[in-house]
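Structural description and commentary
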Amino acid sequence: MLNSKKTYKIKGMTCDSCAKMIELDLEDAGHICKCSYATETLEIEGDHDIKKVIDIIKKAGYTLEK
């Protein structure tokens, strides 16, 4: 099975620490990801339930745009 990567826009981050917090929250939920404050993007590897990702992002205080 090929590992696919999806990239999403995230709104509401104010610094690099915001991006790191999002990464840690998603990694705690079992996702492999990279979040960038500079580009306002989130890149997630592999299969993921986008609804669960959105919930995690929302609980952290940010908005994910599909």
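Residues numbered from 1 in each chain as written. Predicted model: local features only at pLDDT ≥ 70, side-chain atom pairs only at ≥ 80, totals over all residues. Heavy atoms only, no water.

Overview of the sheet that holds strand β1 (residues 5-11)
Ordered by their spatial adjacency, four strands build an open sheet running β2-β3-β1-β4, and the pairing between neighbours is antiparallel. Whereas interior strands pair on both sides, the edge strands pair on one side only; in this sheet they are β2 (32-36) and β4 (63-65). Averaged over all pairs of adjacent strands, the angle between their axes in this sheet comes to 30 degrees, without regard to strand direction. Summarising the sheet, β2 and strand β3 (residues 41-45) pair through five bridges and their orientation is antiparallel. When the bridges of β3 are listed, K34 appears paired with E43. Across the sheet, helix α1 (residues 16-28) is in contact with β1, β2 and β3; its angle to β2 comes to roughly 165 degrees. (Pairing = 2+ DSSP bridges. Helix = DSSP H or I, 4+ residues; strand = E, 2+ residues; numbered from the N terminus. Axes fitted to C-alpha atoms, helices over the stretch in contact; angles between N-to-C directions. Contact = heavy atoms within 4.5 Å.)

A few points about the packing of α1 against helix α2 (residues 50-59)
Closest axis-to-axis distance for the α1/α2 pair is 10 Å, and the angle between their directions is 135 degrees. Between α1 and α2, the angle falls in the class oblique. Relative to α2, the crossing made by α1 is right-handed. Between α1 and α2, the contacting residues are I22, D25 and L26 on the first element and V53, I56 and I57 on the second. (Parallel < 35°, antiparallel > 145°, perpendicular 65-115°, else oblique. Left-handed = near helix turned anticlockwise from the far one by under 90°.)

Points about α1
Its 13 residues give α1 an end-to-end C-alpha distance of 18 Å, which sits within 8% of 18 Å, the value for a rise of 1.5 Å per residue. Within the sequence span of α1, burial applies to C18, A19, I22, E23 and L26. Down the axis of α1, the buried side of the element spans an arc of 140 degrees, and every buried residue falls inside it. Seen from the buried face of α1, the exposed residues on the opposite side, beyond 90 degrees, are D16, S17 and D28. Tucked into the core, α1 has its buried residues touching β1, β2, β3 and α2. (Expected span 1.5 Å × (residues − 1). Buried < 20%, exposed > 50% of the residue type's maximum accessible area, 1.4 Å probe, protein only. Arc of directions from axis to C-beta.)

Examining the side chain of T41
Relative to the elements of secondary structure, T41 occurs in strand β3. When neighbours within four sequence positions are excluded, T41 is seen to be in contact with T7, Y8, K9, K34, C35 and S36.

Quick word on the side chain of E23
Tracing the backbone through its elements, the reader meets E23 in helix α1. Accessibility expressed as a relative area gives 6% for E23, which makes it buried. Residues within four places of E23 in sequence aside, it is in contact with C33, K34 and C35.

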